[in-house]
Amino acid sequence: MKILDHLEEWLITFLMGAATLIIFVSVLHRYASGYAIPGLQDWLISLNVSWAQELCIIMFVWMAKFGAAYGVRTGIHVGVDVLINRLEDRTRGKFIVFGLLAGALFTGIVGSLGAHFVWENGAHYSIFKFLGIDTGDLYEGPTTPDLEWPTWIVYSAIPLGSFLMCFRFLQVTVGFIRSGELPHHDHGHVDGIEEEKVPVDTNPYGMDDNLHPHDIKHHRIVERERTGDGK
Amino acid sequence: MSAAIIFLLLALLMLTGMPVSISLGLTVLTFLFAFTEVPLESVALKLFTGIEKFEIMAIPFFILAGNFLTHGGVARRMINFATSMVGHFRGGLGMSSVFACALFAAVSGSSPATVVAIGSIMLPAMMKAGYPKPFGIGVVASSGGMGILIPPSIVMVMYAVSTNSSIGALFMAGVIPGLLLAFMLGMTTWWQAHKGGYPRERPHSWSERWQAFRKSVWGLLLIIVVIGGIYSGLFTPTEAAAMSAVYAFVIAVFVYKDLKVSDVPKVLLNSANMSAMLLYIITNAVLFSFILTNEQIPQSIAQWILDSGMGMIGFLVAVNILLLIMGSFMEPSSIILITAPILFPIAMKLGIDPIHFGIMITVNMEIGMITPPVGLNLYVASGIGKMGLTDCSKAVWPWLLTMLVFLMLITYVPVITTWLPRTLGMM
């Protein structure tokens, strides 16, 4: 489980950084190849970076899908929680479980639809071909315009990301039912006015706002901060 | 009829407190499954193709750039520069906060990020200098709102994406309203400080100002990279966003050295987390607007409004009220993604300029960020200042009033927004 967590974090960190670098390099390339530096210019022009934009989009879509799953684990997804945050702990707990299961249901359905789509649009063909089974009249599936990658590999972000997200929703539900706690990334991380340096992972969406449900332990945390002990 | 079902379903699901993205998605699935013949498989494909637009990718880049800037000491140097320029007025640190927020807004695309960056330095400084806490919180929470009005702006990118407007023209249109708002908030701050008799800073000489400017110039140059790059056509908005992310990384890590290289993966992960959340809302909002269009809902609402003889002025009032109410309960990106596909076609039929309409919506979102019960800026400011939310909401009211006046101005004097992009030939 730890491995999956780390893999997820590494993947989205890498995608974020790499996509930025790719666009940066492709812009540099566009302007650098405009200067008449002997040798260098010819070499730059011979490089084709027209695929950069497409690759960046693919990377960001993958980042979005897996990042959304990671977001369930960090509890970042925003909702309208003003109403349920005013309810009694027990009733609110029921709403929270309902919301989490609805998330699992939606991502589960989308994952299945996506898997079906990917299977019909090339995965079936490729896997059968790879295994040496007669492919018959199966559809080979389209490829992307610039990189010419099979789209089924690119689109497999939908089933993989959605199933991971579904799993995360279920994981959070189980955790909540057991301990009454929701993942809170940094409750009160921008902490106190004595601290001038903001911690690097401060997140404006991670505050104690009404965009996220309060869990059962919430009142105790608030109480503890008010009285000033612990943290 | 189908419009009523869709909106009722969406409202019900959202009120249960589940994520906005999930409520949008479930509404679409339920509706498609129960009331239409549209094949469900098309939904899965839309989930990928929905965000397959290069313009949308500006959002993660701007978030990344903003995160590097927040922790990279850029804000601190901008504050020093601002203090050297306006610190000698009555309520000097408050005035400097407004000025510094405006400067930071010109490199950051998000309001809460601006509040974090400026507030975490300015609030403690104001407490030390003996300003009352509500004054400090009011200044910072409201001025931080300029983050989404002064370009770059993530909210404007959202609007541009969901209405197919030009990001460049929207950014340019935000410049003059942004400066005007900075001036108006500055005046309010001065008036409050004058009434309360708050302290002022010692006046700075021009050579000190030049020093402060030189130290903050690396951050200020970013304004030129983004605005200049987009206007001159050197970069597309997305490329400009990527350039500013790399630039922000370089100054934070190598020039100002306020961020350790070992912190970079954390910043990347944190930005990815935030961007993915927004991108996930976009994906599902695309699905949602797909069924709206499929059911011809925007057209029928537009027809209904035209027939009712509401007219442009009445429509704009109604939009402002609707958005202000929604702004008190939801977060800006979700509001824009849900309402823009419906409101935009109506606005077009009434002959409202798309760019002007976009800026008006943005100003509404800004106000929504400082109105309780849900206002991101308020939460951030209350977190930094350790003051309860109710007290924070009371603290912002003078600035809130100013912003409402400003909203009226923007709504009914479109030339404030459209003059600059039109003069520059961008629309």
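## A short note on the interface of chain B and chain A
Part 1 of the argument: Counting residues at the interface gives 82 residues for chain B and 76 residues for chain A.
Part 2 of the argument: Here chain B and chain A share an interface that buries about 7100 Å² over both sides, 76% of which is from carbon and sulfur atoms.
Part 3 of the argument: For the pair chain B and chain A, the interface holds one salt bridge.
Part 4 of the argument: Across the pair E239(B) and R30(A) runs a salt bridge whose closest N-O atoms are separated by 2.9 Å.

## Regarding the confidence of the model for chain A
Residue and element names in this part refer to chain A.
Part 1 of the argument: For chain A, the average pLDDT comes to 80, and 80% of its residues sit at 70 or higher.
Part 2 of the argument: Here helix α7 (residues 218-227) stands out as the element of chain A with the lowest mean pLDDT, 51, in contrast to helix α6 (residues 157-179), whose mean of 93 is the highest.
Part 3 of the argument: Long-range and interchain partners of residues 223-231, a stretch whose pLDDT sits below 50, account for five contacts in this model, where long-range means more than four residues apart.

## Quick word on the pattern of salt bridges
All names here are of chain B.
Part 1 of the argument: Applying the stated criterion across every chain yields a total of ten salt bridges over all chains.
Part 2 of the argument: Ionic pairing is found between D258 and R77, a salt bridge with its closest N-O pair at 3.1 Å. Of this pair, D258 sits in the loop between α12 (237-255) and α13 (264-294) while R77 sits in helix α5 (residues 74-86); the two residues are 181 residues apart in sequence, bridging distant segments of the chain.
Part 3 of the argument: The partly exposed category is assigned to D258, whose relative accessible area is 26%.

## Quick notes on the nonpolar core
All names here are of chain B.
Part 1 of the argument: By size, the foremost hydrophobic cluster in this structure holds 220 residues, and its most contacted members are I59, M146, F315 and F357.
Part 2 of the argument: Ranked by the residues each element gives to this core, the list is headed by α13, at 17 residues.
Part 3 of the argument: Once residues lying within four places of it in the same chain are set aside, the contact partners of F357 are Y159, F315, L316, V319, L343, F344, A347 and I352.

## A few points about the packing of helix α9 (residues 154-163) of chain B against helix α10 (residues 167-196) of chain B
All names here are of chain B.
Part 1 of the argument: Two elements in contact, α9 and α10, have axes whose closest approach is 9 Å; the angle formed by their N-to-C orientations is 140°. Comparing their axes, α10 and α9 come out oblique. Crossing handedness for the pair α9 and α10: right-handed. Residues M156, V157, Y159 and A160 of α9 form the contact with α10, whose own contacting residues are I167, L170, F171 and G174.
Part 2 of the argument: Per-class residue counts for the contact of α9 with α10 are seven nonpolar, one polar and no charged.

## A closer look at a nonpolar patch on the surface
Residues and elements named next belong to chain B.
Part 1 of the argument: Side chains of M312, I313, V317, I321, I325, F329, M408, L409, Y412, V413, V415 and W419 sit close together on the surface and give an oily, nonpolar patch of about 1100 Å² of accessible area.
Part 2 of the argument: Sorting the residues of the nonpolar patch by element identifies α15 (311-327), α20 (397-412) and α21 (415-423) as the ones contributing at least two each.
Part 3 of the argument: If you tally residues by element for the nonpolar patch, the top one is α15, at five residues.

## Some words on the packing of α5(B) against helix α6 (residues 92-105) of chain B
Residue and element names in this part refer to chain B.
Part 1 of the argument: Where α5 contacts α6, the axes come no closer than 8 Å and their chain directions differ by 130°. Judged by the inter-axis angle, α5 sits oblique to α6. In the packing of α5 onto α6, the handedness of the crossing is right-handed. Taking contact as the criterion, the partners of A75, M78, I79, F81, A82, T83, M85 and V86 in α5 are, on α6, G92, L93, M95, S96, F99, A100, L103 and F104.
Part 2 of the argument: For the contact of α5 with α6, the class distribution of residues is 13 nonpolar, three polar and no charged.

## Description of α13(B)
Residue and element names in this part refer to chain B.
Part 1 of the argument: Here α13 contains 31 residues, and its C-alpha end-to-end distance of 44 Å stays within 8% of the 45 Å for a straight helix at 1.5 Å per residue.
Part 2 of the argument: Burial within α13 is extensive, with 24 of its 31 residues counted as buried.
Part 3 of the argument: Positive backbone phi, approximately 60°, marks Q296, located one or two places after α13.

About the criteria used
Residues numbered from 1 in each chain as written. Chains lettered and ligands numbered in written order. Predicted model: local features only at pLDDT ≥ 70, side-chain atom pairs only at ≥ 80, totals over all residues. Heavy atoms only, no water. Contact = heavy atoms within 4.5 Å. Buried area = accessible area lost by both parts, 1.4 Å probe. Salt bridge = Lys/Arg side-chain N within 4 Å of Asp/Glu carboxyl O. pLDDT = per-residue confidence, 0-100. Helix = DSSP H or I, 4+ residues; strand = E, 2+ residues; numbered from the N terminus. Buried < 20%, exposed > 50% of the residue type's maximum accessible area, 1.4 Å probe, protein only. Core = buried A, V, L, I, M, F, W, Y, C linked by side-chain atoms within 4.5 Å. Axes fitted to C-alpha atoms, helices over the stretch in contact; angles between N-to-C directions. Parallel < 35°, antiparallel > 145°, perpendicular 65-115°, else oblique. Left-handed = near helix turned anticlockwise from the far one by under 90°. Nonpolar A, V, L, I, M, F, W, Y, C, P; charged D, E, K, R; others polar. Patch = residues over 30% accessible without salt bridge, like charges linked within 9 Å, V, L, I, M, F, W, Y side chains within 5 Å. Areas by Shrake-Rupley, 256 points an atom, 1.4 Å probe, with all protein chains shown as cover. Expected span 1.5 Å × (residues − 1).

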